[in-house]
Structures are given as C-alpha cells and as structure tokens.
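# Architecture at a glance
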There are 4 protein chains.
Amino acid sequence: MLTGCHIAFIGGDARQIEVIKKCSELDATISLIGFNQLESQFPGATKVDPAPEIFEDVDALILPIVGAHADGIVESVFSDQTIILKEDWIKTLPEHCVIYTGMATPYLEQLTSKYNIKLVRLLDRDDVAIYNSIPTVEGALMMAIQNTDITLHGSKCVVLGLGRVGMSLARALHALGAKVLVGARKPEHLARIYEMGLTPFHIQDIKQYIHHCDILFNTIPAKVVPAEVIVRLPSHTLIIDLASKPGGVDFRFAEKRGIKALLAPSLPGIVAPKTAGRILANVITQLMIEERQSRGEE
Amino acid sequence: MLTGCHIAFIGGDARQIEVIKKCSELDATISLIGFNQLESQFPGATKVDPAPEIFEDVDALILPIVGAHADGIVESVFSDQTIILKEDWIKTLPEHCVIYTGMATPYLEQLTSKYNIKLVRLLDRDDVAIYNSIPTVEGALMMAIQNTDITLHGSKCVVLGLGRVGMSLARALHALGAKVLVGARKPEHLARIYEMGLTPFHIQDIKQYIHHCDILFNTIPAKVVPAEVIVRLPSHTLIIDLASKPGGVDFRFAEKRGIKALLAPSLPGIVAPKTAGRILANVITQLMIEERQSRGEE
Amino acid sequence: MLTGCHIAFIGGDARQIEVIKKCSELDATISLIGFNQLESQFPGATKVDPAPEIFEDVDALILPIVGAHADGIVESVFSDQTIILKEDWIKTLPEHCVIYTGMATPYLEQLTSKYNIKLVRLLDRDDVAIYNSIPTVEGALMMAIQNTDITLHGSKCVVLGLGRVGMSLARALHALGAKVLVGARKPEHLARIYEMGLTPFHIQDIKQYIHHCDILFNTIPAKVVPAEVIVRLPSHTLIIDLASKPGGVDFRFAEKRGIKALLAPSLPGIVAPKTAGRILANVITQLMIEERQSRGEE
Amino acid sequence: MLTGCHIAFIGGDARQIEVIKKCSELDATISLIGFNQLESQFPGATKVDPAPEIFEDVDALILPIVGAHADGIVESVFSDQTIILKEDWIKTLPEHCVIYTGMATPYLEQLTSKYNIKLVRLLDRDDVAIYNSIPTVEGALMMAIQNTDITLHGSKCVVLGLGRVGMSLARALHALGAKVLVGARKPEHLARIYEMGLTPFHIQDIKQYIHHCDILFNTIPAKVVPAEVIVRLPSHTLIIDLASKPGGVDFRFAEKRGIKALLAPSLPGIVAPKTAGRILANVITQLMIEERQSRGEE
Ligand SMILES: NC(=O)c1ccc[n+]([C@@H]2O[C@H](COP(=O)([O-])OP(=O)(O)OC[C@H]3O[C@@H](n4cnc5c(N)ncnc54)[C@H](OP(=O)(O)O)[C@@H]3O)[C@@H](O)[C@H]2O)c1
Ligand SMILES: NC(=O)c1ccc[n+]([C@@H]2O[C@H](COP(=O)([O-])OP(=O)(O)OC[C@H]3O[C@@H](n4cnc5c(N)ncnc54)[C@H](OP(=O)(O)O)[C@@H]3O)[C@@H](O)[C@H]2O)c1
Ligand SMILES: NC(=O)c1ccc[n+]([C@@H]2O[C@H](COP(=O)([O-])OP(=O)(O)OC[C@H]3O[C@@H](n4cnc5c(N)ncnc54)[C@H](OP(=O)(O)O)[C@@H]3O)[C@@H](O)[C@H]2O)c1
Ligand SMILES: NC(=O)c1ccc[n+]([C@@H]2O[C@H](COP(=O)([O-])OP(=O)(O)OC[C@H]3O[C@@H](n4cnc5c(N)ncnc54)[C@H](OP(=O)(O)O)[C@@H]3O)[C@@H](O)[C@H]2O)c1
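Residues numbered from 1 in each chain as written. Chains lettered and ligands numbered in written order. Predicted model: local features only at pLDDT ≥ 70, side-chain atom pairs only at ≥ 80, totals over all residues. Heavy atoms only, no water.

With that out of the way, let us pick up the pattern of salt bridges. In total, this model carries 40 salt bridges over all chains according to the counting rule given. In this structure, D126 of chain C and R164 of chain C form a salt bridge, with 2.8 Å as the shortest nitrogen-oxygen distance. Taken together, the positions of D126 of chain C in helix 4 (residues 126-146) and R164 of chain C in helix 5 (residues 164-175) put the pair 38 residues apart, joining distant regions of the chain. With a relative accessible area of 31%, D126 of chain C lands in the partly exposed category. Exposure remark for R164 of chain C: the relative accessible area of 35% places this residue in the partly exposed category. Here E291 of chain D makes a salt bridge to K118 of chain D, at a shortest N to O gap of 3.3 Å. Taken together, the residues E291 of chain D in helix 10 (residues 273-294) and K118 of chain D in strand 8 (residues 118-121) connect sequence positions 173 residues apart. Owing to a relative accessible area of 18%, E291 of chain D belongs among the buried residues under this scheme. You can call K118 of chain D partly exposed: its relative accessible area is 47%. If you follow the salt bridges from partner to partner, you end up with E18, K21 and R278 of chain A in one network. (Salt bridge = Lys/Arg side-chain N within 4 Å of Asp/Glu carboxyl O. Helix = DSSP H or I, 4+ residues; strand = E, 2+ residues; numbered from the N terminus. Buried < 20%, exposed > 50% of the residue type's maximum accessible area, 1.4 Å probe, protein only.)

Take a look at the structure:
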C-alpha cells in the first residue's frame, strides 16, 4: 500500500490515467497538475494549482513518457493550458523525493542533478522495455497484416536484432506460422535464436539471407539496412522499422527502389494505451513501495 | 502439368490472377473472358471474345468466388463491361468439363444440373475452408488489435466454435499470449480444446464464462450471442463476429448496450488476396490434375 | 452430484482408483468387487462379496479398460482371487443400468445384448481418445528421447496419421523444435497439417519424404511402413509404432536391416496412470450425470 | 576450411567423435592421442604416440569436457591406457596454439598460464550453455515423464531460474501444456517470464507459489530449496535439480519428508551425446576459423 504517500502528477496522456488509478487503489494522496479537463475522479486525487508549497511534502513526482521539453514545457492531453515545470518546484521537493519520467531531456537532467533529486528514466529500464515489447509487437503484426497482400503464416520474415523487442517479435511471428530468420551479432544471441526454433544469421552476412524475404522487421538502432541491402530485397518486400528515430533503414533509397518502408515509432501508446499505462503503473508503484521500504517507512 | 488442357476464366478479382498464373505455369491453354482491362500477361493465356465456339473444347471453366448472380451476371474487377454467363455457353461445354466456383447460386445450380455439368463449390470443401482460416484469423487479429486499447497478450478471449476457423483462431490467440476459452458442444471438441492447452466450456453454459471477457470472437453461424449473453459482458468487451451473414450476434442489442460489435465477412480476400488466390490456385489445379488422371489422360 | 446412485466396480488397475475417488466425491454409493487387497478407503465405498442381490439396484457397473475376457475373467491388480463376471449378475441388473468398459470383448457384447443392457465402450469415444492422446504423446516423447543419441529439437520427425493421436503428437514435436512432416490421405488433413505450420505429404508418397528421417512415428493402424519404405530410411532412424497391435510396421524387416523399431502399446496406463484414471473418471461421471438427467432423476 | 591446420585431440568420450569428424570434414590435419581403441577412421586423422615433437606445430589442442584432472590424468573412453597430459607437451606448443576444454581444473589453469597458452573453457561460454540447454531440457522432460504418474500437460510446474537452462526449460514445459511458474530475482527476468506467457514470481516469495506444485525444477546453483520450502510442497511433488553439484535442494530433508528429489547432472552427454558433440564441434571449429583469420592466415 501507499497510504500516507503523497504523489504529484504533472501532465501526460491516456497512459497516465492507469498510473493515477493504481496509485489511488493503493491509497496514496494524489495531486494532479495539468489535468483541468480530466473528467474521471479517483479517490484520494485532487486537481491542484501548482503553488510551490504543494511540492514541499511530495514523495514522488510523475512526469509523462516524454518528460519535460527543453524549456520546461510538459505535454498534457488533459489540459488546455501550457504547463511548465518550474525550477522553483524542483527546489522545493524534499530530499527523498523521486521523479519518474519516461525519458530524460537535458533540461530535466540538469535540474535534478542541480538539486540532487533522484530521477528514474522508466524507458531505460530493462523490465519496462520488455513489457513494452508486447504492445510493440502487436502493433508490428497489425502493420504487417495491413500492408501486405499475403498472410504472415507461410511468409518469410527477417527480424534484425534479438534484443528486448526482437525476441518478443521473433517468437510471435514464429507462433503465427511465419518462417523466421533473425540477424544478430553476439554468439549467445545466435544460440538463443536457434534454441527458439528459428534460423539465425550473423548480421554482417545479411545480404545472403534476404532473398525471397517478404517482410523485414528492424529493431536495431543503427544503419543495418543501407542501400546495398535494400537493392537485394525482392520488390514486394515490406520493411517495418521499429528502431527509434531515425531508424536503421535507408528510407530514401527504399522509396527510390519502390520498396514500401514504414517507420513505426511509439507503438505501445498508439496500439494499446491502456496496457502501456498499466505497465508504467505496475513498475512505478512497485518502485515507490521499494523506495518506502528502503527508507524504513513500511 | 496441364499441357493441352484448355481452361476458361470468366471474371473475378485479384485472387483469380494467382489461379491464372498457376495454370499458366502448368502449361495450360487459357482463355480469359471479362479481363479486357487486365495488364499483366501470362504465357498461354489470351483474352477472348466469348463466342459460344470458345467453349466447345473447354476442360475447365473457372468462375469468381461469388459465382454467377441470379441473372447470370459475373463480377469482374478487370472489366468495364457487364459480363453475363449465358446458357448457350454452358450448353456448348463438353461433357467432361468441370466448373469451379466459390459458391453456387441457384442460377448456377439449375444451369449445370440441366446440362449435367459437374460443379465444384470450392468454399464447401473442408480443405479450402481450413486454408482460408489462415487469412481469416490474421484479419481477426488485425481487427482485435486495432479496435482495443489493450494487448491481446494477457487479455481474456472467448472463441465460440471449434470448427475450421475456430481451431486456427484459438491456436493463434493462445500463441500470442491471450487467455483463451473456447465454447463448443461436441465432447470431442471440448477434449481437443483441453488438449490444445485452452479452457473448454459447453456453449450452453456460455453465460458463466464471459465475465471479464475482453474480446469475444464468434465463428458459429447460429444465434449464439443473443441479448441475454450480451447483457453479461463487461462494457469494454469487443465482439468480432466472423460467422457468415447475418452472424451469430444480436447486433441491435449490442449497440443499445454500447458494446462494440463488428461483423467481419470475407476477410481472406480483403486481408491477403494473394494468399487467398494461391489457396484457390493450388486446390483447383490439384483437382484438375486428378480429374485428368481419372479420365486417363496423363 | 451422484447422491443416491449405486455404482459397482469389478476389478481394474491403478486407473480405477481415480474413478472410485471421483464417484465417492460426487457422493455415490459404491460397491467394490475384486478389491480385497485395496488399502485406501473412500467415503461411501464398501468392499462387497458378489452375491447376485448386490446387482439388483446397481445404476452403473464399471469394468476395467480391457473389459472381461472370453471366459468372463476380469483382471484386478487389487485382488489375489480370480474374479469372474457371471451371467447371473448381468441378468439381475435393472433395465436402466449402464455398463462402462474400455473395450468390449465378444463375451461382454453377447451378454449385454442378451439382457439388453447398455454397454459404453469408453475407448471408442472420440473425446476419450483425444484425452488419452496426451499421455500417449508424452510416452512417445520419452521413448524418443531415451532411444536416440540426438535431441528431438532440430531432428527430422515423420508422423504418420493426423487422427486423434497424430495431431497431438505432431503439435508436441513441433513445439519442442523438431522439423515435423506429417503423412495423411484426406485433403482436409493435409490442409490442417499446413495450418499447424508443419510439412504435409500424402501418405502414398511416403517414400519421397523419409530421406534423412531421424524418427518415424506411426499412428495409422494399417501396413503403412512396409519393407519398401524401411529400405529407404537412414540406418540410424528410430521407428516408434503407436498403432494398436500388430502396428503398421514390418518389424521383421526392420530388424533385418538393423533399424530399431519399437511397438509401444498402452502408454497412458504405463506413463501416467493417474492422469489416465482421471480421464476415465471425468468422462464416466459426466455420462452418469447425463444418464440420470435423461431419466429425469436430477 | 581448416586446411593446413594441425589439431591434436587428447582423450574424450562419444562427443569428441563429432568434433573429430567435423575437423576432418574441414580438411584439418588431426593427431589422436588416447584413442587406441577407436575403430572409426576419419580422413586426415592419425593415431599418434605422444612424443613431445608432435606438439611442436599443433595449432589447437582439444581436451575432453572435464579437462585434465589434478594430476594431469585425461579421461578417454577410447583407450585402455592411462593418459597423462604432460608439462613437456604444453611447453612444446607454439605460442599461437589454443587449448579447448569443457572446464578448467587448477592443474590446467596453472600449466597454461605458466606457458602463456590461451585456454578456452567451452562450458563458460554463453552460446555453448544455451546450445547445451536443449539436450538438458529434453533430459529433464524425460525424467519428469518417467518419474510421475501424471502428465506434464495440465500439471503445475515450478521452474527456478530464468538463466540459459531455465528459459529453454520453461518454454518447453509451457509448449507441452503444463502450467508454468518461474521464480527469478531480476525485474527483467520477471518481465520476460510474463512476456513468455508464464507466471513470474520473485524467488524470495517461493513459499507462496509452490502449493499444489506437481514438479519443481531447479536451475539455480544456490540453496534455493531448503527445508522450509520443501515442508510446504505436496507430498507427491517431484523435484528435479539440474543445478551443478551439489545442486540447490536440501536432499537430506526431502528424503526425510518422503519427497522424491533427483539430482540430474551432465544430461547432454547422457541424453544426446551426438547432439552434444555437434554443439562442441560447431563452436570449436568456428572459433578455430576466427582464430586463423585473426592471425591473417585465411
Ligand atoms: N517502435 C516502437 O514502438 C518501439 C517500441 C519499443 C522500442 N523501440 C525501439 O526499438 C529499438 C530496439 O529496442 P529494444 O528494447 O529491443 O533494444 P535492445 O534490447 O537494446 O535491442 C537492440 C538490439 O540491437 C542490437 N544492436 C545494436 N547496435 C547494433 C549494431 N551496430 N549491429 C548489430 N546489432 C546491434 C543489440 O545487439 P547487441 O546486444 O549485440 O548490442 C540489441 O540486441 C530501440 O531503438 C527502441 O527505442 C521502438
Ligand atoms: N469472416 C470471414 O472472413 C470468414 C472466413 C471463413 C469462414 N467464415 C464463416 O465463419 C463460420 C465458421 O466457418 P468454419 O469454416 O469454421 O465452419 P465450421 O467448420 O462448420 O465451424 C462452425 C462451428 O459452429 C458449430 N455450430 C454450428 N451450429 C451450432 C449451434 N447451433 N450451436 C453450437 N455450435 C454450432 C459447429 O459445431 P458442430 O461441429 O458441433 O456442429 C462448428 O464447429 C462460417 O459461417 C463461415 O461462413 C467467415
Ligand atoms: N500406443 C498407445 O499407447 C496408444 C494410445 C492411443 C491410441 N493408440 C492407437 O493408435 C492408433 C491411432 O489412434 P487414434 O486415436 O489417433 O486413431 P484415429 O483418430 O482413428 O487415427 C488414425 C488415423 O489413421 C488414418 N488411417 C487409417 N487407415 C489408414 C490407411 N489405410 N491409410 C492411411 N491412413 C489411414 C486415419 O485417417 P483417415 O481419417 O484418412 O481414415 C486416421 O487419421 C490406433 O491404432 C490406436 O489404437 C495407441
Ligand atoms: N544437469 C545438467 O545436465 C546441466 C546442464 C547445463 C547446466 N547445468 C547447470 O544448471 C545450472 C544453470 O545453468 P545455466 O546455464 O542456466 O546458468 P545461468 O544462465 O547462470 O542461470 C542460473 C540462474 O540462476 C540465478 N541465480 C544464481 N544465483 C542465485 C541466487 N542466489 N538467487 C536467485 N537466483 C540465482 C541466476 O539469476 P541472476 O541472473 O539473477 O543471477 C541465473 O538466472 C548451472 O549450475 C549449470 O552448471 C546442468
């Protein structure tokens, strides 16, 4: 439980609702900043005006996935006003307060290090990345089904990378009956790909493995699909690039060759905002409970 | 091979291209009627004007999935003219000619029985229904991902029916990490559901199994989801009805209760026309080869 | 519940204990014949001497899997005496009594038809065969692991038949990472094999598909693995024949060629007697409840 | 290819044959020491007497899985003589020679570090551990099927550890229809367990998750199954401990409580020596080829 714990939320999107809901269920005291258009009500949660005093006894401050922009602006789909995370607020926070954000902008990093406030970058966590791989994969499947005239079943799919997303994606494609090849560079990744019943290849040999490829999924945030790879793909291949911007594909060349290539960022929030919100809610509340325990409060 | 075999195609959609391609690869002689806007060329295939003489030595006549309408009209996406399957044409066919259609309209049934011409209804075949279940399932997955704010993984999915589509669908959902319950009525179906690692229930007990249901997929062409079932569904449930029109769901009542219910007909041709076409191509050519062998021609 | 229901058991093995236990849990009145060495006690169950009067009000009579031998002998691992199913007993049974047996010997068939007593052959039921396929498959996996020096993962396994056992077996092998080919003769079986992600072939073409075969599993009760097939197998192939005696393999020729071939009957009772017993318990009690309901007693 | 490469083998078991075979296929020059009873012949391989000169131009020296014992003794199932790895031999090796062993004894470590010879401990490699997890899992499945009277399908299996063996094992059990719970301590492991469709729990909460456990598999080389855990297991639970000796189970207490607990070491070499040999062969030859390339010889 989070009884007696004061949590402040600043801005966010549909996902944040799940976090607020969970904190409320765990009996926390919740201050909402930048939610003036939110209609749902949650026990223990109050919309507040961000006077600095509010922050004096805040145990945890929760920001949106994208954190705070360069100038302190925090996005909120639940507000018609511009919300700015002020230095004053941070200054007022008690020493033990923890700030939770998806990712950290330099603005946020500077501010928190200046006032020595602990900053948790949720998307950097391995567990969050694995949980998020689930909606990411379903988004990728949806795109693949929509953008081809063949079935995944029986198709030849090449996945680049056996990281957190790559493993989940490769497993799902195999389960749906695709012939799955996975390119990686670590020997233990090649071994795991084989154990999973898939065909491994070393990413440096990619050119030899993409003949007859129907769908190429990239999860590697590096230029692993340059022109000399694309030129060897059949013209009907669909490329779905999941790696964070700018992706790993030479999109300009793909277009020139008439190969459909899609950059597909931020799938969890788009495809399954509720699940994505619950993932954050579970991890954040778990961390807050551990934090309290380590402070000897529970 | 189909060398020396004369095959006439009348109308069709993208799927028919795959059938023509396969027949061409097998060296058949092909007459295309209702394809005047088709651009691709296939060895052995000629666009012809449908003079009755054409049909004199036709070994197989291939119609579109929907067959011929009441008045003999045959749909073709490759023609800007209206194509009418004339009685004269059927009359002229040699005795051994076989007509292949997806389904049979009364018009077609009458005509073929009058002239004693063998009519193959492809969609009635068990094997075709099983092959088609693959694109059907992928279409259903796509719709489920698109129309919910949660992931299939971890969701509670109820599938009604363990027929040809139901089995494929239940397997795919399970493989993607959903909790899958399947309702059926035959004891052997309940046994198979259990063996597949899923939760079986008797369709007559449906009301006890749909609490907390996130997605309800129906494959039973009977009124198995009436108002008294819908009233027990959580309000966020998505219903996807795959059964042929009018489906098995009380759509009027679902709408009244604010439950999203989608009727999703003809998914194979929509989601994966190329795969759907290849399925037809493989089955038709296989049947034609067997037909020839039984006539002692090969 | 089976309250007020009188059930008599005659003989059996470990599996029968599960049936007795379940009947006891459902509050039946139970008479045990041929269990004088049984130590466990079950509420409502009594060991009785088989005086004909016992049978006057028996609602269900439960025999072992193998039924009664030619001369009426019923096997029992829980008795040191010979138990003989007497005609007198059958004669005394009330009209509505049902006899449950695994399989029926001519002796049993004659007797029950003479006195017009309903006889249920459990192993003939589709659902029982499917449930039993589960321990059968695990027995087959165990034998395959034991009798080869390679892993199933990565091996080439050929399964003959996509019946109740074949489907379960093929699925399990695939799940463990084997390359699975399945031979069948019905087009819908070939389609289902393909949908399952396996390689289908027509059983008549078997000779073309067994090159490099590591393990050949037969589930077809017909001579589908004759000498001319065996001669084409690599010498290291292991053959596991699951089909009921005499199996489908030319064992004499296999031995001559030095190919290891195992006939593996009755796996469920050997590999998982408790599970096999529960399968029977569930089906028998379900049938008894339905029987009662159809007599309007519950 | 390994043309021109001189490889010496000292001792070993059935697995070594696969390594010799593969080196021979790759055209290496092979010296066999301690193989005087080996009957098979391989092109390029000669049985030699271990005069020190032999070692002068050896590029790679391959020892058995267990390496060399304290006193230099090397086990060989192919020799009736005692083979001792002499310091003289190591001293004679060229600077670039690499020694491959499964594991390293202090004797071996000392010797190689003294003469500055590169020693590769194959079993320490992540990729080898993952490949070996495959036969290990099949051995564990076999033991579980043999030592229970229920099926894995439908049983409740608890796996401890999501390391290289744990992941493969959990996947296989799930695929066979078991209800699988996996205990781990890293948040990313718990996340991956969830993504795999299994039930995760923190290893420190083990006592809450083992009720109704049918089979407990341990892969953690630490005392994670002490008396206070065992005391909470149902009496029919089977424990299979895969962790390296002395395992993670309090075997003494298990025996006292009448719970069957099996320590199951070295499964790959027992269950699938050929596959285990091929794993070594592939990794060793791959490493030798890379070694050569890095020396600029190919
Ligand atoms: N589109 C979306 O909605 C979405 C959702 C989640 C994640 N993402 C993005 O998807 C990408 C993958 O995410 P993840 O969580 O799977 O990350 P990850 O676990 O770090 O996986 C990335 C993989 O790329 C490999 N890699 C990196 N650089 C490489 C190179 N130069 N050559 C070969 N392999 C290389 C890594 O292999 P090694 O282990 O060998 O380094 C690693 O396995 C990231 O860019 C992430 O931001 C997108
Ligand atoms: N949306 C699409 O794109 C698409 C694609 C393919 C098929 N379909 C349609 O989907 C439906 C299912 O196709 P299918 O190939 O799976 O057919 P199927 O193999 O005949 O399966 C239908 C199942 O419904 C059960 N059923 C029928 N009447 C029932 C009743 N009154 N109560 C309970 N169960 C009943 C049958 O069970 P029993 O065995 O017990 O009779 C059977 O298992 C059909 O309407 C078909 O036209 C749609
Ligand atoms: N060893 C054990 O412990 C154990 C356990 C259970 C069962 N069994 C035995 O295993 C066998 C299979 O059992 P099951 O329940 O799977 O039976 P099943 O469902 O009847 O399957 C048998 C399959 O064999 C095929 N078949 C029959 N005759 C054929 C022929 N001449 N050519 C080609 N295919 C043919 C059938 O195909 P069609 O549909 O085309 O006819 C059917 O799919 C039986 O003999 C059974 O007694 C053994
Ligand atoms: N029986 C056989 O035939 C056979 C075959 C192969 C391997 N093995 C043995 O099986 C064991 C596992 O092998 P592996 O390759 O899977 O090793 P591994 O990848 O290192 O896995 C071991 C797991 O144990 C966990 N662990 C270690 N200490 C722990 C502790 N104190 N509390 C909780 N978790 C702990 C580790 O988790 P963290 O990541 O959190 O540290 C790791 O995930 C080894 O002992 C190995 O020698 C036996």
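Read on for the rest.
Our focus in this paragraph is the UniProt feature "domain: Dipicolinate synthase subunit A N-terminal" (unreviewed entry) in chain A. UniProt feature "domain: Dipicolinate synthase subunit A N-terminal" (unreviewed entry): in the numbering of this structure it lies at residues 6-122 of chain A. Measuring from the first to the last C-alpha atom of residues 6-122 of chain A gives 20 Å, for a span that is 23% helix and 24% strand. (UniProt positions renumbered as here; feature names shortened; annotations may be inferred.)

Residues and elements named next belong to chain B. With the rule as written, the count across this model stands at 16 aromatic pairs over all chains. Taken together, a centroid distance of 5.0 Å and an interplanar angle of 15° make the contact between F55 and W89 stacked. Of this pair, F55 sits in the loop between strand 3 (45-47) and strand 4 (60-62) while W89 sits in helix 2 (residues 87-92), and the two are 34 residues apart along the sequence. Neither residue differs from the other here; F55 and W89 are each classed as buried. (Phe/Tyr/Trp six-rings, centres within 6.5 Å; stacked < 30°, edge-to-face > 60°.)

With that settled, consider the sheet that holds strand 12 (residues 215-218) of chain C. Residue and element names in this part refer to chain C. The 6 strands are arranged 11-10-9-12-13-14 in an open sheet whose pairing can be described as parallel. A strand with exactly one partner marks an edge of an open sheet, and here the two such strands are strand 11 (199-202) and strand 14 (260-263). On average, each strand axis in the sheet is tilted by 20° relative to the strand beside it, whichever way the strands run. Strands in contact with helix 5 are strand 9 (156-160), strand 10 (179-184) and strand 12; relative to strand 9, the strand with the most contacts, it is inclined by about 170°. Against the sheet, helix 6 (residues 187-195) contacts strand 10 and strand 11, and its axis sits at roughly 160° relative to strand 11. (Pairing = 2+ DSSP bridges. Axes fitted to C-alpha atoms, helices over the stretch in contact; angles between N-to-C directions. Contact = heavy atoms within 4.5 Å.)

All names here are of chain D. Around ligand 4 sit 20 residues, and of these V165, R185, K186, A264 and L267 come closest. G163 has a polar backbone atom sitting 3.3 Å from an oxygen atom of ligand 4. L267 places a polar main-chain atom, nitrogen or oxygen, 2.6 Å from an oxygen atom of ligand 4. Burial of ligand 4 by the protein chains amounts to 76% of its free accessible area of 910 Å². (Near = heavy atom within 4 Å. Polar contact = N/O pair within 3.5 Å; in protein donor to acceptor, adjacent residues only side chain to side chain. Areas by Shrake-Rupley, 256 points an atom, 1.4 Å probe, with all protein chains shown as cover.)

What follows deals with the relation of the copies chain B and chain A. At an RMSD of 0.1 Å, chain B and chain A line up after a rotation of 180° and a shift of 0.1 Å along the axis. Put plainly, the chains are arranged around a two-fold axis. With an isologous cut-off of 70% or more, the 100% of interface residues of chain B that recur at the interface of chain A puts this contact in the isologous class. (Least-squares fit on C-alpha atoms with pLDDT ≥ 70 in both.)

Cis geometry marks the peptide bond from K245 of chain A to P246 of chain A; its omega dihedral reads 5°. Residue position: P246 of chain A is located in the loop between strand 13 (238-241) and helix 8 (251-256). Even without being a glycine, D27 of chain A presents a positive backbone phi close to 75°. Within the secondary structure, D27 of chain A is located in the loop between helix 1 (14-25) and strand 2 (29-33). A positive phi angle is found at S266 of chain B, which is not glycine, with a value near 55°. Mapped onto the fold, S266 of chain B is located in the loop between strand 14 (260-263) and helix 9 (267-271). Accessibility expressed as a relative area gives 56% for S266 of chain B, which makes it exposed.

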